[in-house]
Amino acid sequence: MTLLDPRTVIVGGGLAGAGATLLDPLRAAVAERLTFQHAPSIVPAALGDAAGCLGAGLLAWDLLSAEVASR
């Protein structure tokens, strides 16, 4: 937190499904350890488990588009 000073920390994957059970204690633990920094917003990932699949699909799309454009 001190080096990067993020405004938002996004928790993804299976952990995001835990919701408040994980995020509330995590927020408290982070706030407890900060000295002069502002506490970041800690939120679950909006895409959940689909983020990896969507990212892989977008990467494949970009690679195919670049291949077609180079011809």
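Please read these numbers as outputs of a predicted model, since none were measured by experiment. (Residues numbered from 1 in each chain as written. Predicted model: local features only at pLDDT ≥ 70, side-chain atom pairs only at ≥ 80, totals over all residues. Heavy atoms only, no water.)

(A) The nonpolar core, seen in detail. If you look at the biggest cluster of nonpolar residues, it comprises five residues: V11, L23, V30, L34 and I42. Excluding residues that lie within four positions of it along the chain, I42 makes contacts with V9, V11, L23, L26, R27 and V30. (Core = buried A, V, L, I, M, F, W, Y, C linked by side-chain atoms within 4.5 Å. Buried < 20%, exposed > 50% of the residue type's maximum accessible area, 1.4 Å probe, protein only. Contact = heavy atoms within 4.5 Å.)

(B) Spotlight on the pairing of strand β2 (residues 41–44). Here strand β1 (residues 8–11) runs beside β2; their pairing, made up of four bridges, is parallel. When the sheet's bridge partners are listed, V11 is paired in β2 with P44. Following the backbone out of β1, through helix α1 (residues 20–33) and into the adjacent parallel β2, one traces a crossover that is right-handed. (Pairing = 2+ DSSP bridges. Helix = DSSP H or I, 4+ residues; strand = E, 2+ residues; numbered from the N terminus. Right-handed = clockwise from strand over helix to strand, strands pointing away.)

(C) Examining unusual backbone geometry more closely. Phi is positive for D5, which is not a glycine, with a value near 50°. Summarising the element assignment, D5 is placed in the segment before β1. Look at D5 and you get partly exposed, because its relative accessible area is 47%.

(D) Broad picture of the pattern of salt bridges. Scanning the model with the defined rule gives two salt bridges in all. Ionic pairing is found between D24 and R27, a salt bridge with its closest N-O pair at 2.9 Å. With D24 and R27 both in helix α1 and three residues apart, the pair spans about one turn of that helix. The exposure class of R27 is partly exposed, given its relative accessible area of 34%. As a salt-bridge pair, E32 and R33 come within 3.9 Å of each other at their nearest N and O atoms. Comparing E32 with R33 shows no difference in burial state: the two are exposed. (Salt bridge = Lys/Arg side-chain N within 4 Å of Asp/Glu carboxyl O.)

(E) Main features of the environment of A51. Within the secondary structure layout, A51 lies in helix α2 (residues 50–69). Along the backbone, A51 and G13 are 38 residues apart, and their C-alpha atoms lie at a distance of 8.1 Å.

(F) Region of interest: α2. Taking 1.5 Å per residue, 20 residues should reach 28 Å; α2 reaches 28 Å between its end C-alpha atoms and fits that length. Of all 20 residues in α2, zero are buried; the element is thus mostly exposed. (Expected span 1.5 Å × (residues − 1).)

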